[in-house]
Amino acid sequence: MQGVTIVDHPLVQHKLTILRDKETSTRSFRSLLREISALLCYEVTRDLPLEDVAVETPVGPTQGKVLAGKKLVFAPILRAGMGMLDGMLELVPSARVAHIGLYRDPKTLKAVEYYFKAPTDIAERLVIVIDPMLATGHTAIAAIDRLKENGVKHIRFACVLAAPEGVDVLRGYHPDVEIWAAAIDERLDEHSYIVPGLGDAGDRIYGTK
Ligand code: URA
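Residues numbered from 1 in each chain as written. Predicted model: local features only at pLDDT ≥ 70, side-chain atom pairs only at ≥ 80, totals over all residues. Heavy atoms only, no water.

**Student:** Account for the state of the cysteines, naming residues and giving values.
**Tutor:** According to the stated counting rule, one finds 0 disulfides in the structure shown. With no disulfide partner, C41 has as its closest neighbouring cysteine sulfur the one in C159, 14 Å distant. (Disulfide = S-S within 2.5 Å.)

In structure tokens, the structure reads:
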């Protein structure tokens with residue numbers, strides 16, 4: 001699929017299988033999600049630009065490379081996206097964070113915004129939107145619409161699982177936004193859950209069911 005990168009690293013696939021297991025505890029689910037998110041982050045940031053800097057080692061001077069430009073922004077979609085944030089911040093500790101509060105209206109399945117707080121200069125930064133599940137794509141589209149309204153030009157989307165329907169809808173609305181996922185599953189069920197998926201990601205992170 002164009003614009004979609006499946007992170008098929010053996011560690012990611014191994015952890016994903018345990019994540020899917022309905023017997024996995026809340027505590028294990030949380031730490032596995034954090035670990036998978038760090039590994040996804042490694043791939044999403046693979047092509048970030050670098051610049052040369054001089055560095056003095058204990059043995060002598062040399063040239064090194066550091067990330068160029070403004071710090072990037074992680075934008076978790078509340079609440080399940082928060083489960084991915086710490087793993088991403090472990091790899092990029094100086095990143096900024098934009099919180100996007102959206103819920104799915106159970107009747108219309110459309111995204112409704114209830115919170116948005118982002119760095120004031122977000123328009124000048126690369127923004128990585130994070131949500132473990134790309135299901136219908138409605139919340140992802142609403143989050144990206146909101147970021148674009150704020151002038152953001154460079155956006156990527158990282159999730160653990162995607163449904164083919166969600167990928168098609170998101171890529172259709174926002175073809176400039178590339179997607180990273182650990183897997184693309186079979187389909188959505190009649191309640192818009194990903195099959196086989198892992199259930200409700202928010203409930204599994206926070207132990208609310
Ligand atoms: N959100 C979830 O948490 N799980 C799904 O399967 C779909 C959307």
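**Student:** Account for the nonpolar core, with residues named and values stated.
**Tutor:** If you look at the biggest cluster of nonpolar residues, it comprises 37 residues, and the most contacted ones within it are L19, F74 and V160. For this core, the elements supplying multiple residues, two or more each, are α1 (10-20), α2 (26-44), α3 (82-91), β8 (126-130) and α6 (201-206). Ignoring sequence-local partners within four residues, the contact set of F74 consists of C41, L85, M88, L89, V92, A95, R96, V97, A98, I128 and I130. Counting 27 residues, the second largest nonpolar core, distinct from the first, contains I77, L134, C159 and V177. (Core = buried A, V, L, I, M, F, W, Y, C linked by side-chain atoms within 4.5 Å. Buried < 20%, exposed > 50% of the residue type's maximum accessible area, 1.4 Å probe, protein only. Helix = DSSP H or I, 4+ residues; strand = E, 2+ residues; numbered from the N terminus. Contact = heavy atoms within 4.5 Å.)

**Student:** Give me the pattern of salt bridges: which residues, what numbers.
**Tutor:** Oppositely charged side chains can pair when the atoms bearing their charge come close. Under the counting rule described, the total for this entry stands at 13 salt bridges. When the shortest N-O distance is used, the salt bridge between E124 and K70 registers 3.7 Å. Here E124, found in the loop between β7 (111-117) and β8, pairs with K70, found in the loop between β3 (61-67) and β4 (73-78); they are 54 residues apart in sequence, far enough to count as distant. E124 gets classed as exposed once you look at its relative accessible area, which sits at 54%. In this structure, a network of salt bridges that share partners links the residues K70, D121, E124 and R125. (Salt bridge = Lys/Arg side-chain N within 4 Å of Asp/Glu carboxyl O.)

These figures capture arrangement, not role.
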